[in-house]
Amino acid sequence: MSVTEKFLSMEYGPAPEDPREVLVWLDRHARKLGHFIGGAFRSPAEGVYFDTLDPSTGEPLAAVAQGSAADIDAAVKAARGALAEWQSLTPHARARYLYALARQVQKHSRWLAVLETMDNGKPIRESRDLDIPLVARHFYHHAGWAQLLPQEFPGYVACGVVGQIIPWNFPLLMLAWKIAPALATGNTVVLKPAEFTPLTALAFAEICQEVGLPAGVVNIVTGDGSTGEALVKYPDVDKIAFTGSTEVGRAIRKATAQSHKKISLELGGKSPFIIFEDADLDSAVEGLVDGIWLNQGQVCCAGSRLLMQESVAETLIGKVRERMSMLRVGPPLDKAIDIGAIVARVQLERIRRLVDQGVAEGATCWQPPSLVMPSRGLFFPPTLLSNVHPTSTVAQQEIFGPVLAAMTFRTPREAVELANNTVYGLAASVWSESINVALDVAAQLKAGVVWVNSTNLFDAACGFGGYKESGYGREGGREGLFEYLEPEWFKRAPRLATKPKAMDQPPEQEIDRGEPQIDRTVKLYVGGKQARPDSGYSFEVRAADGRLLGEAPLGNRKDIRNAVEAARKADGWARTTAHNRAQILYYMAENLSQRAEEIAGRLAAVVSKEQAHAEVRQGIERVFSYAAWADKYDGAVHNPPFRNIALAMHEPVGTVGIVCPADLPLLGLLSLVMPAIAMGNTVIAIPSEAYPLIIGDLYQVFETSDLPAGVVNMVSGRSAELLKVLAEHDDVDAIWSFAGEASSVAAKSLSVGNLKQVFSDEGRAIDWFNTEQGEGRWFLHHATQVKNIWVPYGE
């Protein structure tokens, strides 16, 4: 073949990476690796091992310990034992340990990359150029946060012992995402790597030994799903951080519902890759290659749904097919390979099954006809499914493989509707030469990360995480640190008394015995209107001395349904400017102050006069405070080491169901409803069951304050029954439950269906009169979710 012919064919010769150093390391361990507990490797308690395989050949690499409940017990005890010493170190000392970990990762970067590729099957180029550099970056970045923690997070403390469970698609990178922020914030860790890819986690354990990390600060227990389950259910774990499938995330939520474990979940996705007609199509196709065929498509945020504007669809499909024909599939240690091996046979079979199902449902399947596939190992060719219906299985379910589902749209509005038409909300990519179009669409996408004219950009400074059933919580950046911290006062708060002290019998002299009984019947407040309950029933509300104060409507399932519908229709509130929301809250405070004596007088029938006046006085101040916060709780601009900036935007969670505390009928309700609506959420509030008549005073305040209909809805009744309906309703995005431990447990266990965010008192006493506990950033943090929008910037 002539030079010209070779140039035109552009055929690549093999360029294999030498695995010698990895094989020496494995042999040094006699191809048998135990758990890393208390700073040392140890054999599993039950003596059971399993093989981890090279997916490109099917050959075993090593035998790895199968973790049992006894191993988890030992690891958690080691972490608990190391906690006090680790937290007693100065921030600078912890920072130096994280810096040392970063340096050692860099020193061992090449063989870590080779080990990752051999255990996982991803191309060596990706392990070498993406995964391992990002691992080091995370430890460097969080070394800085460890140093700055007291200044930047005053009043916050570490959760304690953290259980972390990571997936097999980015084994060492996911370890860094989890361990770096946990250590930086003063926690100790028990980490369970994926069953298919445990080796780099165990290599990292050796790095912990090399830098002299105190024993017990990091513990690594390998095993299958039963090992992870034992970790999740272990009672002395303070937090669980999980990355993996939505199904397992749902199981973790259910398993931890009756505990007080803090939870963060980074789950599945079905990310849209949106290309408009004015986009640079060649650049978009190159982005698409990274978006869906990176790591064989085994990426939770893979751009697996291609949405093309109809006018360029035919041209674009042609370019995509042409580019697919250039992809090379083969041994992942070959530096000239684009697509490596699928991690395990069970995953390969799932990919095949879903592609077959997509074709059966009407999709057209195209694979490069001249592609040469390896004769052994677990491989699947890059696949394009076109003519996909938006509701078909391959458009809705996460395939987690090198499969692209393509469909068309006509207008930006239709593109947004298609993009948001899944239960997931992890990431999205938008391609347009019009910055107006790109940012307008980005703002409407229900996704935690949006890349503009780019894709699959990650950095330790920028938060990553999802909306909806893609989970909650963030990893990376300032927002990621909150997942490993709690307010110091809350962590030390006493358990909530069974009987709220504020509802005790007021002193005898505070009751005016000459006052006649008031027959007062209020209504529900739904969609900006007073509404009679669907049940047709009311229930008596009595004073502490037994006097009848009036009757409150007995709300039921249909009333909650109507309230949720009204709240969803009021979604324009989220698009109202922060300044306008602030003005309406200021107006509420003004109208509340004009009726202060009247409301306090009625409250005094169920609480002391002092408390009644204090609730009204503090309530006015609280509304004023959140009016002030409405246009000041800003996001941030992250500066990653790329030619991009990431706009970390605070967005409302959506529709929030709120169960208010019983003992402070007015202040409790205002302290929860106000931060939610200040940030643009809509609310269904269940008022204090002890004094639900407060809604009669509040809806008059709301009606005279220009609050749009449906922003606040109030349904009184039996709190436990109404909470169940709210928690199980798929159009409710979050539950705030502050009515005690039983209510907290119910909120978490009943809301696993669509993985609602749950914010609760965890059965702890909150002093709502104390501004440190009853208002501020803690509530605003839970009232918002961060969307990181990556935008090209600079040269």
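Read on for an overview of the structure.

1. Some details on the overall build of the chain
(1) Moving on: Secondary structure assignment for the chain yields 29 helices and 32 strands.
(2) Moving on: For the chain, the C-alpha radius of gyration of 28 Å lies close to 28 Å, the compact-globule estimate for 795 residues.
(3) Moving on: If you line up the chain on its principal axes, its C-alpha atoms span 110 × 60 × 45 Å.
(4) Moving on: When each of the 795 residues of the chain is scored for burial, the buried share is 61%.
(5) Moving on: Restricting to contacts in the chain with at least 6 residues of sequence separation, those with at least 24 account for 77%.
(6) Moving on: Carbon together with sulfur atoms contributes 51% to the accessible area of the chain, which is approximately 30200 Å² in total.

2. A word on the environment of arginine 345
(1) Moving on: As for its placement among the helices and strands, arginine 345 is situated in helix 13 (residues 345–360).
(2) Moving on: As a C-alpha pair, arginine 345 and phenylalanine 379 span 34 residues in sequence and 9.4 Å in three-dimensional space.

3. Here we look at the sheet that holds strand 26 (residues 644–652)
Think of a sheet as strands paired side by side through backbone hydrogen bonds, with each pair either parallel or antiparallel.
(1) Moving on: Judged by pairing direction, the sheet is mixed, and its 10 strands sit side by side in the order 14-15-16-13-12-17-18-32-26-25 without closing on themselves. If you trace the sheet from one side to the other, it starts and ends with strand 14 (364–366) and strand 25 (636–638), each paired once. For this sheet, the mean angle separating the axes of adjacent strands, direction not counted, is 20°.
(2) Moving on: Sheet analysis places strand 12 (residues 272–275) next to strand 13 (residues 305–309), joined by four bridges and oriented parallel. Note on strand 13: the bridge partner recorded for proline 272 is arginine 305.

4. Focus: the packing of helix 6 (residues 124–152) against helix 7 (residues 171–184)
(1) Moving on: The geometry of helix 6 relative to helix 7 is characterised by a closest axis approach of 8 Å and an angle of 5° between their N-to-C directions. Taken together, the axes of helix 6 and helix 7 lie roughly parallel to each other. Counted together, Asp131, Ile132, Leu134, Val135, His138, Phe139, His142, Ala146 and Leu149 of helix 6 and Leu172, Leu173, Leu175, Ala176, Trp177, Ile179, Ala180, Pro181 and Ala184 of helix 7 form the full contact between these two elements.
(2) Moving on: By residue class, the composition of the contact of helix 6 with helix 7 is 15 nonpolar, two polar and one charged.

5. Regarding the packing of aromatic side chains
(1) Moving on: Applying the stated rule across the entire model yields 31 aromatic pairs.
(2) Moving on: When the centroid spacing of 5.3 Å and the interplanar angle of 45° are considered together, the rings of tryptophan 25 and tryptophan 111 count as tilted. Placement of the pair is tryptophan 25 in helix 2 (residues 20–28) and tryptophan 111 in helix 5 (residues 109–120), with a sequence separation of 86 residues. Across the pair, tryptophan 111 and tryptophan 25 agree in class, each one buried.

6. A few points about the sheet that holds strand 4 (residues 49–53)
(1) Moving on: The mixed open sheet is built from three strands, whose spatial order is 1-5-4. Since the sheet does not close on itself, it has two edges, and those belong to strand 1 (32–33) and strand 4, each with one partner.
(2) Moving on: Of the strand pairs in this sheet, strand 1 and strand 5 (residues 60–65) are connected by two bridges, and their pairing is parallel. In the strand pairing of strand 5, lysine 32 is matched with alanine 63.
(3) Moving on: Set on the sheet, helix 8 (residues 199–210) makes contact with strand 1, strand 4 and strand 5; between it and strand 5 the angle comes to about 65°.

7. Topic: the state of the cysteines
(1) Moving on: Across all of its chains, the model carries zero disulfides by this definition.
(2) Moving on: Not part of a disulfide, cysteine 159 finds its nearest cysteine sulfur in cysteine 208, a span of 20 Å.
(3) Moving on: Not engaged in a disulfide, the cysteine cysteine 301 finds its nearest cysteine sulfur in cysteine 300; these two sulfurs lie 4.7 Å apart.
(4) Moving on: When its relative accessible area of 2% is taken as the criterion, cysteine 301 is described as buried.

8. What to know about the pairing of strand 26
(1) Moving on: Sheet topology places strand 25 next to strand 26; three bridges connect them, and they run antiparallel. By the bridge assignment, histidine 638 is partnered in strand 26 with alanine 646.
(2) Moving on: When strand 26 meets strand 32 (residues 784–792), the two strands line up antiparallel, connected through nine bridges. Considered in strand 32, the bridge of histidine 650 is made with valine 786.

9. Description of a negative patch on the surface
(1) Moving on: A grouping of Glu277, Asp278, Asp280 and Glu433 is seen on the molecular surface, where their side chains present a negatively charged patch.
(2) Moving on: Looking at the element boundaries, glutamate 433 is found in the loop between strand 17 (427–431) and helix 16 (435–444).
(3) Moving on: Owing to a relative accessible area of 57%, glutamate 433 belongs among the exposed residues under this scheme.

10. Some words on the pattern of salt bridges
(1) Moving on: Applying the stated criterion across every chain, the model contains 39 salt bridges.
(2) Moving on: With its nearest N and O atoms 2.7 Å apart, the salt bridge here joins glutamate 469 to arginine 250. In this pair, glutamate 469 is assigned in the loop between strand 18 (449–452) and strand 19 (471–472) and arginine 250 in helix 10 (residues 246–256), connecting sequence segments 219 residues apart.
(3) Moving on: For the salt bridge of glutamate 598 with arginine 602, the shortest nitrogen-to-oxygen distance reads 2.7 Å. One end of the pair, glutamate 598, and the other, arginine 602, are both in helix 22 (residues 596–603), four residues apart, so they sit about a helical turn from each other.

11. Quick notes on the pairing of strand 31 (residues 757–760)
(1) Moving on: Relative to strand 31, strand 30 (residues 734–737) is paired through four bridges, and the arrangement is parallel. Across the sheet, isoleucine 735 pairs through a bridge with valine 758, a residue of strand 31.
(2) Moving on: For the handedness criterion, the β-α-β arrangement of strand 30, helix 27 (residues 741–750) and strand 31 is classed as right-handed.

12. Some remarks on the environment of lysine 632
(1) Moving on: Inspection of the secondary structure assignment puts lysine 632 in the loop between helix 23 (609–629) and strand 25.
(2) Moving on: Of the residues examined, lysine 632 reaches a relative accessible area of 47% and is grouped as partly exposed.
(3) Moving on: Sequence separation between lysine 632 and alanine 447 is 185 residues, and the spatial gap between their C-alpha atoms is 23 Å.

13. Here's the deal with helix 4 (residues 91–107)
(1) Moving on: With 17 residues, helix 4 should cover 24 Å at 1.5 Å per step; its first-to-last C-alpha distance of 25 Å lies within 8% of that length.
(2) Moving on: Taken together, the buried positions of helix 4 are Arg94, Ala95, Leu98, Leu101, Ala102, Gln104 and Val105.

14. Looking at unusual backbone geometry
(1) Moving on: You will see that asparagine 453, though not glycine, has its phi angle at about 50°, which is positive.
(2) Moving on: If you trace the backbone, asparagine 453 turns up in the loop between strand 18 and strand 19.
(3) Moving on: The exposure class of asparagine 453 is partly exposed, given its relative accessible area of 25%.
(4) Moving on: In this structure, leucine 755 is a non-glycine residue whose phi angle is positive, near 55°.
(5) Moving on: Note on placement: leucine 755 falls in the loop between helix 27 and strand 31.

15. Observations concerning the nonpolar core
(1) Moving on: Counting 112 residues, the largest nonpolar core has Phe139, Leu175, Leu183, Phe204 and Ile220 as its most contacted members.
(2) Moving on: If one sorts the elements of this core by residue count, helix 7 sits on top with 11 residues.
(3) Moving on: The residues touching phenylalanine 204, leaving out its near neighbours within four places in the chain, are Leu101, Phe139, Leu172, Leu175, Ile179, Val218 and Ile220.
(4) Moving on: Residues Val541, Met588, Leu672 and Ala685 belong to the second largest nonpolar core, which totals 74 residues.

16. Points about helix 2
(1) Moving on: Every buried residue of helix 2 is accounted for by Val22, Trp25 and Leu26. Looking down the long axis of helix 2, one finds its buried residues gathered within 95° of arc, a one-sided arrangement. Exposed residues on helix 2 whose side chains face more than 90 degrees from its buried face are Arg20, Glu21 and Arg28.
(2) Moving on: Its buried side turned inward, helix 2 meets strand 1, strand 5, helix 5 and helix 8.
(3) Moving on: A positive phi of about 60° marks alanine 30, the residue just after helix 2.

17. Regarding the environment of aspartate 71
(1) Moving on: Structurally, aspartate 71 can be placed in helix 3 (residues 69–88).
(2) Moving on: Sequence separation of aspartate 71 and proline 44 is 27 residues, and the distance between their C-alpha atoms is 6.6 Å.
(3) Moving on: Excluding anything up to four places from it in sequence, aspartate 71 contacts His35, Ile37, Ser43, Pro44, Ala45, Gln66 and Val221.
(4) Moving on: In terms of polar contacts, aspartate 71 uses its side chain to reach the backbone amide nitrogen of alanine 45, at 2.9 Å.

Analysis parameters
- Each residue is numbered by its place in its chain's sequence as written, counting from 1.
- Confidence filtering applies because this is a predicted model: local features only for residues at pLDDT of at least 70, side-chain atom pairs given and counted only at 80 or more, and all residues used for totals across whole chains, interfaces and linings.
- As a rule here, side-chain values cover all heavy atoms of the structure and leave hydrogens and water aside.
- Numbering of helices and strands runs from the N terminus, with a helix taken as a DSSP run of H or I at least four residues long and a strand as a DSSP run of E at least two residues long.
- Computation of the radius of gyration draws on C-alpha atoms alone. For the globule rule, the value is 2.2 Å times the number of residues to the power 0.38.
- Classification of residues uses two cut-offs on accessible area relative to the type maximum, computed with a 1.4 Å probe and protein chains only: under 20% is buried, over 50% is exposed, and between them is partly exposed.
- We call two residues in contact whenever any of their non-hydrogen atoms come within 4.5 Å of each other.
- Each accessible area value is a Shrake-Rupley result obtained with a 1.4 Å probe; residue values ignore everything except the protein chains displayed when judging cover.
- Here, a strand pair is defined by DSSP locating no fewer than two bridges between the strands.
- Every axis in this analysis is a line fitted to C-alpha atoms, fitted for helices over the stretch in contact. Angles between the N-to-C directions lie between 0 and 180 degrees.
- For this classification, under 35 degrees means roughly parallel, over 145 means roughly antiparallel, 65 to 115 means roughly perpendicular, and everything else is oblique.
- Basically, the charged four are Asp, Glu, Lys and Arg, the nonpolar ten are Ala, Val, Leu, Ile, Met, Phe, Trp, Tyr, Cys and Pro, and anything else, Gly included, counts as polar.
- Stacked, tilted and edge-to-face pairs are distinguished by plane angle, under 30 degrees for stacked and over 60 for edge-to-face with tilted covering the rest, among Phe, Tyr and Trp rings (Trp via its six-membered ring) whose centres lie within 6.5 Å.
- Criterion for a disulfide: a pair of cysteine sulfur atoms at a distance within 2.5 Å.
- Like-charged residues within 9 Å of one another, or nonpolar side chains (Val, Leu, Ile, Met, Phe, Trp, Tyr) within 5 Å, are grouped into patches, provided each residue has over 30% relative accessible area and no salt bridge.
- Salt bridge, as used here, is a side-chain nitrogen of Lys or Arg placed within 4 Å of a carboxyl oxygen of Asp or Glu.
- Asp and Glu are treated as the negative residues and Lys and Arg as the positive ones, with His and the ends of the chain left uncounted.
- Lysine's charge is taken at NZ, arginine's at CZ, aspartate's at CG and glutamate's at CD.
- With the strands pointing away from the viewer, any crossover whose connection runs clockwise from the first strand over the helix to the second is right-handed.
- A helix is expected to reach a length of 1.5 Å times the quantity of its residues less one.
- To qualify as a nonpolar core, a set must consist of buried Ala, Val, Leu, Ile, Met, Phe, Trp, Tyr and Cys residues joined through side-chain atoms within 4.5 Å.
- Taken from the helix axis, the directions to the C-beta atoms give the arc we talk about.
- Any pair of N or O atoms that falls within 3.5 Å is considered a polar contact. Within protein, one atom must be able to donate a hydrogen and the other to accept it, and sequence-neighbouring residues count only if both atoms are side-chain atoms.

Purely spatial values, then, with no claim about function.
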